[in-house]
Amino acid sequence: MASEPGILTDWPWKPLGSFKYIILAPWITESIYSIIVGDEKGCDVFNLMILPLMLWRMLHSQLWISLSRYRTTKGTNRIVDKGIEFDQVDRERNWDDQILFNAIIFYLGNKYFPGGSHIPIWRTDGVIITLLLHAGPVEFLYYWFHRALHHHYLYSRYHSHHHSSIVTEPSTSVTHPFAEHIVYFALFIIPVSTVVFTGTGSIIAIAGYITYIDLMNNMGHCNFELIPNWVFSIFPPLKYIMYTPSFHSLHHTQFRTNYSLFMPIYDYIYGTMDKSSDTLYKISLQRKEETPNVVHLMHLTTPESIYHLRVGFPYLASKPYSSAWYLWLLWPVTLSFMMLTKIYRRSFVVERNQFHQLRLQTWAIPNFREQYHLKWQKESINNMIEEAVLEAEEKGASVLSLGLMNQGKELNRYGEVYVKKHPQLKVKLVDGSSLAVAVLLNSIPKGTTQVLLRGNLTKVAFAVAFSLCQKGIQVTVLHEDEYEKLDISLGTKSEGKLVISKSYSSCKLWLVGDDLTEEEQRKANKGTLFIPFSQFPLKNLRKDCFYHTTPAMQTPKALENVDSCENWLPRRVMSVWRIAGILHALEGWEEHECGYTISNIDKVWEACLKHGFQPLTVSTQSKT
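Everything numeric here is computed off the predicted structure, so don't read it as measured data. (Residues numbered from 1 in each chain as written. Predicted model: local features only at pLDDT ≥ 70, side-chain atom pairs only at ≥ 80, totals over all residues. Heavy atoms only, no water.)

Chemist: Let's hear about the nonpolar core: which residues, and what values?
Modeler: Grouped burial of nonpolar side chains is what soluble globular proteins tend to show. Among the nonpolar cores identified, the biggest contains 56 residues, and Leu435, Leu453, Leu468 and Leu511 are the most heavily contacted of them. Setting aside anything within four residues of it in sequence, one finds Leu453 in contact with Ala461, Ala465, Val475, Thr476, Val477, Glu482, Leu486, Leu511 and Phe533. Of all hydrophobic cores here, the second largest spans 51 residues; its members include Leu53, Tyr107, Tyr142 and Ile227. (Core = buried A, V, L, I, M, F, W, Y, C linked by side-chain atoms within 4.5 Å. Buried < 20%, exposed > 50% of the residue type's maximum accessible area, 1.4 Å probe, protein only. Contact = heavy atoms within 4.5 Å.)

Structure follows, in structure tokens:
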């Protein structure tokens, strides 16, 4: 929002929220009806093209958003090094409003204005007129309107909303108050309305012009330089008629230079060309791929989780992961991504962060959660993880956090197989179990004397059971096989605190793993606190009980470029399996933490607090 919002700041359909596209229903219905019943005047091609054009514009913009996020994450040709935070994602979430606005105007214009319907597919004279009118009146008028927007009065009421984004994304290009978009549309409609009223218009001229505007807008805000230098070497005058991403990026960092729309010629003419434009362009082109200090490995959970990645849909990624009904409408795209995961069998970068001097990257393995339970997929998955480990080693990373790759001894013995196979590894492998244990122990309310341990017994479960017994807290299990495994592992170290019980109501604090059934959960007493020790969340079935998150902590403000949620966790909350790798690098610990190794719990916990990570709490006040 602008610092002093003026009139017509909000879009008229803002109260409709996610249902805003319903306002197009009358026109879309009418178009479909005209196709079904036919029209004696002939087929209105432009009317039929409005909806496909709108969908194409949305797809075009989304492709630019994903490409921009991927390229700036890798660092290649990145322009501005600063990060993006949640407030920018929230501010730019409605980037499609202008597409909706344009579609409404096109439907109205096609219906009520002479010459607005039944235009041909192609006319050469109309294309030429469109190009000339854009280069002349549109670019000239935009330049001076843009300069006016930077006057204090208009800037504080309107344009400051757009300039709140110092680090730009393609969605930034259309993040303006409604009043600004009215003026922009009035400018961009000059070539379109001219060719329509003069009878020289065509589908190609109109759709092509709109696509050109979207292309240049998205490119100018993508935050990575992609225009090669040889283009300007071959045709030097091009520098006056086509801007570059670095050219417009300077406008967002300097504010008082580079006002032009897409053609810098007017900045040259009126002396507002930033003197560092050429320098920044060359520096950005030469910027190499970023080398991470810490790599965090993750995998996809469900097929639609691809949309929740940072390089997917930004607004979905900025919220805890959940399956939305409307994602089912994208099943053809989802299916295509699933096929690509079978072809592309290696990790790829999805996120970068900065914490003090550490450069952090998150890499995704193109597999889904269910595949990790299939024995015939074991070798393939292990090979991909091993390749990621060796790639991190080659790039000079000091720590690789296994994260969701830590699926247990059945898959890779908690990462131990990679260390044994490559004993000279310099990159330290960290599975995060030690910090997970520390967080779980500190999540248990003071004064607790008994806990119920239920679920798949992992490395973390054994370590927690051992620590609780040492603290004099009784650990209760419900099944004989679980008791036998724990008893063999703990032996006399259980201090007599490990017991077996058939009663689900014996205690009101449950430490739970992956295979807790819904039936068992329903047997818990009212007011029971469930604390997961697994990496995947528990389904919250009971409104009369309390649920803790999976082991995680609140991140310090010093952690930069945080604009997406980690799986199902709240904003700026990070899983301990990811934090553990950061701590390992910060503290300079030289040992691997994988296999059945557990680091000193107190040492890990103290280091975590020292670096600003804070524990999460859950209210356990009685529920009615």
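Chemist: Provide a residue-level description of the sheet that holds strand S14 (residues 573-575), including the pertinent values.
Modeler: Spatial ordering of the open sheet is given by S14-S12-S15, a layout of three strands whose pairing is antiparallel. For this open sheet the edge positions go to S14 and strand S15 (614-615), each flanked by a neighbour on one side alone. Together, strand S12 (552-554) and S14 form the strand contacts of helix H23 (residues 576-587), whose direction differs from that of S14 by roughly 85 degrees. (Pairing = 2+ DSSP bridges. Helix = DSSP H or I, 4+ residues; strand = E, 2+ residues; numbered from the N terminus. Axes fitted to C-alpha atoms, helices over the stretch in contact; angles between N-to-C directions.)

Chemist: Residue-level account of the packing of aromatic side chains, with values.
Modeler: If you walk through the whole model with that rule in mind, you get 29 aromatic pairs. Here the aromatic rings of Phe101 and Phe178 are separated by 5.5 Å at their centres, their planes lie at 80 degrees, and the arrangement is edge-to-face. With Phe101 in helix H4 (residues 97-112) and Phe178 in helix H7 (residues 178-197), the pair connects residues that are 77 residues apart, well separated along the chain. You'll find Phe101 and Phe178 in the same group, each marked buried. When the ring centre of Tyr315 is taken as reference, the NZ or CZ atom of Arg93 above it lies at 3.8 Å. Stacked on the ring of Trp589, the Lys or Arg Lys603 has its end atom at 4.6 Å from the ring centre. (Phe/Tyr/Trp six-rings, centres within 6.5 Å; stacked < 30°, edge-to-face > 60°. Lys NZ or Arg CZ within 6 Å of the ring centre and 35° of its normal.)

Chemist: Describe the sheet that holds strand S1 (residues 294-299), and please don't skip the residues or the numbers.
Modeler: Taken in spatial order, the six strands of this open sheet run S5-S4-S1-S3-S2-S13, and their pairing is mixed. A strand with exactly one partner marks an edge of an open sheet, and here the two such strands are strand S5 (428-430) and strand S13 (559-560). Judged from the three bridges that link them, strand S4 (residues 399-401) and S5 form a sheet pairing that is parallel. When the sheet's bridge partners are listed, Leu400 is paired in S5 with Leu429. On top of the sheet, helix H2 (residues 45-74) reaches strand S2 (348-355) and strand S3 (358-365); it is set at about 55 degrees to S2, its chief contact. In the packing of H23 onto the sheet, the strands contacted are S1, S2, S3, S4 and S5, and the crossing angle to S4 comes to about 170 degrees.

Chemist: Outline H4, listing residues and values.
Modeler: With 16 residues, H4 extends 23 Å from end C-alpha to end C-alpha; this agrees with the ideal 22 Å at 1.5 Å per step. Of all 16 residues that make up H4, twelve are buried, and the element is covered over most of its length. Among the residues of H4, Asp97, Gln98, Ile99, Leu100, Phe101, Asn102, Ala103, Ile104, Phe106, Tyr107, Gly109 and Asn110 are the ones counted as buried. Buried residues along H4 sit in contact with helix H1 (25-37), H2, H7 and helix H8 (203-220). (Expected span 1.5 Å × (residues − 1).)

Chemist: Which residues make up the pattern of salt bridges, and what values do they have?
Modeler: Applying the stated criterion across every chain, the model contains 33 salt bridges. Between Glu30 and Lys111 there is a salt bridge, and its shortest N-O distance comes to 3.5 Å. Of this pair, Glu30 sits in helix H1 while Lys111 sits in helix H4, and the two are 81 residues apart along the sequence. Overall, the relative accessible area of 37% leaves Glu30 in the partly exposed class. Notably, a salt bridge pairs Glu289 with Lys395, separated by 2.8 Å at the nearest N-O pair. In this pair, Glu289 sits in the loop between helix H13 (277-286) and S1 while Lys395 sits in the loop between helix H16 (378-394) and S4, placing the two residues 106 residues apart along the sequence. What emerges from the salt-bridge pattern is a single network uniting Lys74, Glu289, Arg346, Glu391 and Lys395. (Salt bridge = Lys/Arg side-chain N within 4 Å of Asp/Glu carboxyl O.)

Chemist: Summarise the UniProt feature "domain: Very-long-chain aldehyde decarbonylase CER1-like C-terminal" (unreviewed entry) in the protein; cite the residues concerned and give the values.
Modeler: Under the UniProt annotation, the feature "domain: Very-long-chain aldehyde decarbonylase CER1-like C-terminal" (unreviewed entry) is placed at residues 451-615. Taken as a whole, residues 451-615 contains 30% helix and 19% strand, while its terminal C-alpha atoms sit 20 Å from one another. (UniProt positions renumbered as here; feature names shortened; annotations may be inferred.)

Chemist: Report on the UniProt feature "domain: Fatty acid hydroxylase" (unreviewed entry) in the protein, specifying residues and quantitative values.
Modeler: As recorded in UniProt, the feature "domain: Fatty acid hydroxylase" (unreviewed entry) lies at residues 135-272. As annotated, residues 135-272 has a helix share of 62% and a strand share of 0%, and its two end C-alpha atoms lie 18 Å apart.

Chemist: Could you give an account of the state of the cysteines, with specific residues and numbers?
Modeler: With the rule as written, the count across this model stands at zero disulfides. The structure places no disulfide on Cys545, whose sulfur is separated from the nearest cysteine sulfur, that of Cys507, by 12 Å. Free of any disulfide, Cys565 has its nearest cysteine sulfur in Cys608, 19 Å distant. For Cys565, a relative accessible area of 10% gives the class buried. (Disulfide = S-S within 2.5 Å.)

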